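Structural overview for review
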Amino acid sequence: MQSASKSWKSRLVLPLLAALASAALGGCVESSKGGDQGGGTGASAGTGPAPVVDARAIVVTPPVASLPLGTSQLLVATATLADGTTRDVTKDVSWSSKNPAVVAVDDGAAKGKLTAVGPGTAAVVAKLGELLAESTVTITDTAKLASVVLSPGNALPVVVAGLTLELGAVGNYTDATSHALAADVVWESSDPAVATVEAGLVKGLASGAVTISGTFAGVTGAIELTVTPGILSISPASGEGNVAVTDAISIVFSDDVDPATLTAETLDFAYQTLDSASGSQNPGPAMAAPAAESFALDGDLTYDAATRTVRFRPLGGRFPGHARIVMTASSGILTALGVAFAGLPPTYAFTTVAAIDNVFITLAVNDRPDYVGKPGEVVALALVGIDSNGDTVDLTDTAIWASSDGEVATVSNLADPRGALTLKAAGVTTITVMFETFTQTVDFLVDGTAPAPGGADATPATTLATSSITGTSMAFRFDMAEDDKAFTENLRYGVYISKTVTIATPADLESDAVTYVDDAAIIYKDGATEIMGAMAGLEPSTLYHLNVLVIDDAGNEALYTEVTFTTTATADATAPVVADKALVVSDQSAVDGSFKLTWGVADDDLTLDPDVFYIVYYSYADDIDTAEKAAQNGSILLFTYDQLSETFEFLPEAGDTIYLNVLAYDVQGNATVYTTTMLTGT
């Protein structure tokens, strides 16, 4: 038994066809808050870093720093979390300087970046919630700047016309230390027609050589750069992921490229087939040895002079499996242009996927029984494709989504979250999804009306009632609810009990004094208009409040009318008595594949006859002759009450034998076993 949940999705709502053989009503009623109710799928927990709110301490690195005047340095803040792990929180803390006239610290885009403003010593403080950490920073004016070095980092000193290259400035001082220089470096280009520079960012304009200089505190450093014609961008981007074999590659060239060089002969590619045994689609160890095979284009080459863009389809559908397309620095087009992939990866590559054969719409999160919801919800839909290899592919972000009735629901075509359905008002809307030549539709029901407990014409006196009350157990019945949109058999029910507070509204379920009875037996009989339930583990001579919650497919919920009852002083310790334990098999029909089983009535001293319930078991071995063995070895054919026979549409194969038995339970869970009988198929 568990406490009332805060959300219907995670509340364990008992289905109509509950099977309680092994539980045997042996649980006890306890008020137990905390923990997941189970039953709801929800979203799986992420594997990302622990939240910052779990931080127990923070430190700043380095704790002591010394900088020459005018230089800069980056501080790092690290948090120790409750589980003993650490996390970089440099961008999460707030930074401040106790003496901004000595050292300034950035608390904006470049968090933790120090700038040496004036001589002296100042403390720099990092704050995360109530946690504080400091670094003591000393600014000196004794060391003199000896030289300035400009560097493109790990990149080549080459920039493609139309692209940019970021330079850094480092100062070497007379005390043998080196420090990044602050933003007041004065930058200059020797030929602004070839390249410009601003705050260290160089933009290539035209082919040629250019000298970029940076001056700080009267000391100048310089670097020679080469601006080349070449590629401004390639799409899809290198390593972007799976690309369909029919997709075109687009290459945008700089203004200096001669269109005459953009031919099928200069666009030289190679393909590599992936290791099919590994099933991997990622370049790396799973790749087979690169095939030294180039392939010509299929004549599908276009050039748009206005946008300087070449588009082509290098695959032509000739590699329907998984392949990797590669363009390296030795490819013909790069050799012709004299470009060494400046500003681009050393190898352009992407992985192809097989053609899509079929698509279907599904719920991105399986948190509901069907395409149904209530106004105000946002439901994530997904489009899944099946490719020619039989693999599934998520196509959600590449499909076009539409809703037939925007007043009922709208669907997002934005990148995040694409396919998200916002439910607005009651009604039905048709969701249409288009991908390439495929179109799929699904009707989504928006239901804003809660079920009617006991039916539309129900009265409180007949809706929910109790019976067979003992010192530790009781039975209850309620008329089935009705819903204007959901099928009656799809409605779900949950039983709630309290010793101290009333349970009159769904809000009352949030009280710590209200307990969700997850071990109550709820039994639904085909053709019946009522549901019978029983629970054990109650306290003797105690007043209880009881109610039932009903929920439809959309998550709309309603409570029945509360009833109260008082347990007696006497617990039920006696199992039901069966005068004739013989089971009778009749009407066996090989044509219909059915048989009828009849059993005798079970009488109990404290449980009324209509409240005694029966479980019919079968097994292919003679191992269900006790209650314990039946629950362990048997399979359930029927779970019922107030019934002494049933026709089953089930027969063993000809020559095979099954064993049948029945257990009778009172509301306390005391059980009596009948005598096992056999049935042999004909």
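Now for a description of the structure that goes with this document. Source: prediction; values computed, not measured.

**Overview of the overall build of the chain**
Along the chain, the regular secondary structure elements total three helices and 58 strands. Approximately 31000 Å² of the chain is accessible, and the part contributed by carbon and sulfur atoms is 53%.

**A look at the nonpolar core**
By size, the foremost hydrophobic cluster in this structure holds 25 residues, and its most contacted members are Phe 476, Phe 478, Tyr 493, Val 495, Met 535 and Leu 546. If you list the elements that add at least two residues to this core, you get β41 (473-479), β42 (492-498), β44 (521-524), β45 (530-536), β46 (543-551) and β48 (563-566).

**Description of the packing of aromatic side chains**
In total, this model carries twelve aromatic pairs according to the counting rule given. When the ring of Tyr 544 is compared with that of Phe 565, the centres are 5.4 Å apart and the planes differ by 20°; the resulting orientation is stacked. In this pair, Tyr 544 is assigned in strand β46 and Phe 565 in strand β48, connecting sequence segments 21 residues apart. In this structure Phe 565 comes out as buried when scored by relative accessible area, which is 4%. Feature note: the residues Phe 476, Phe 478, Tyr 493 and Tyr 560 constitute an aromatic cluster, connected by ring pairs.

**Here's the deal with the sheet that holds strand β35 (residues 400-403)**
The strand order across the open sheet built from four strands is β32-β39-β38-β35, with neighbouring strands paired in mixed fashion. Either end of the sheet is taken by a strand with one partner, and the two such strands are β32 (372-373) and β35. Relative to strand β38 (residues 427-435), β35 runs antiparallel, the two being bridged by four bridges. From the neighbouring strand, Trp 401 faces β38, where its bridge partner is Val 433.

**Thoughts on the sheet that holds strand β55 (residues 645-648)**
Strands pair in a sheet through their backbones, by hydrogen bonds, and they do so in one of two ways: parallel or antiparallel. Spatially, three strands are ordered β50-β51-β55 in an open sheet, and the strand pairing comes out antiparallel. The open sheet is flanked by β50 (584-589) and β55, the only strands paired with a single partner. Between one strand axis and the next, the sheet turns by 15° as a mean value, whatever way the strands run. Relative to β55, strand β51 (residues 594-598) is paired through four bridges, and the arrangement is antiparallel. Each residue of the ladder has a partner; that of Leu 597, found in β55, is Glu 646.

**Let's talk about the pattern of salt bridges**
Pairs can form between side chains of opposite charge once their charged atoms are near each other. Summed over all chains, the structure comprises seven salt bridges. With a shortest N-O distance of 3.1 Å, Glu 530 and Arg 477 are connected by a salt bridge. With a gap of 53 residues between them, Glu 530 in strand β45 and Arg 477 in strand β41 connect regions that are remote in the sequence. Take Glu 530: its relative accessible area is 24%, and that puts it in the partly exposed class. The salt bridge involving Glu 539 is made with Lys 499; its shortest N-O contact spans 2.8 Å. Highlighted residues: Glu 539 in the loop between β45 and β46 and Lys 499 in the loop between β42 and β43 (515-516), separated in sequence by 40 residues. What makes Lys 499 partly exposed here is its relative accessible area of 41%.

What counts as what
In this numbering scheme, every chain counts its residues from 1 along its sequence in written order. The model is predicted, so local features are restricted to residues of pLDDT at least 70 and side-chain atom pairs to those at 80 or more, both for listing and for counting; the totals for chains, interfaces and linings are taken over all residues. In computing side-chain properties, one takes all heavy atoms of the structure into account and sets aside hydrogens as well as water. Only DSSP runs of H or I reaching four residues or more are called helices, and only runs of E reaching two or more are called strands; each is numbered from the N terminus. To be clear on the numbers: accessible area is Shrake-Rupley with a 1.4 Å probe, and residue cover counts the displayed protein chains and nothing else. Within this scheme, the nonpolar core is defined by two criteria: the residues are buried Ala, Val, Leu, Ile, Met, Phe, Trp, Tyr or Cys, and they are joined through side-chain atoms within 4.5 Å. Each residue is placed in one exposure class: buried if its accessible area under a 1.4 Å probe, protein chains only, is under 20% of its type's maximum, exposed if it is over 50%, and partly exposed if it falls in between. Between rings of Phe, Tyr and Trp, where Trp is taken as its six-membered ring, a pair exists when centres lie within 6.5 Å; planes separated by under 30 degrees are stacked, by over 60 edge-to-face, and by other angles tilted. Two strands qualify as a pair provided that DSSP identifies no fewer than 2 bridges between them. Whenever a helix is involved, its axis is fitted only over the stretch in contact; in every case the axis is a line through C-alpha atoms, and angles between N-to-C directions fall within 0 to 180 degrees. By definition here, a salt bridge exists when the distance from a side-chain nitrogen of Lys or Arg to a carboxyl oxygen of Asp or Glu is within 4 Å.

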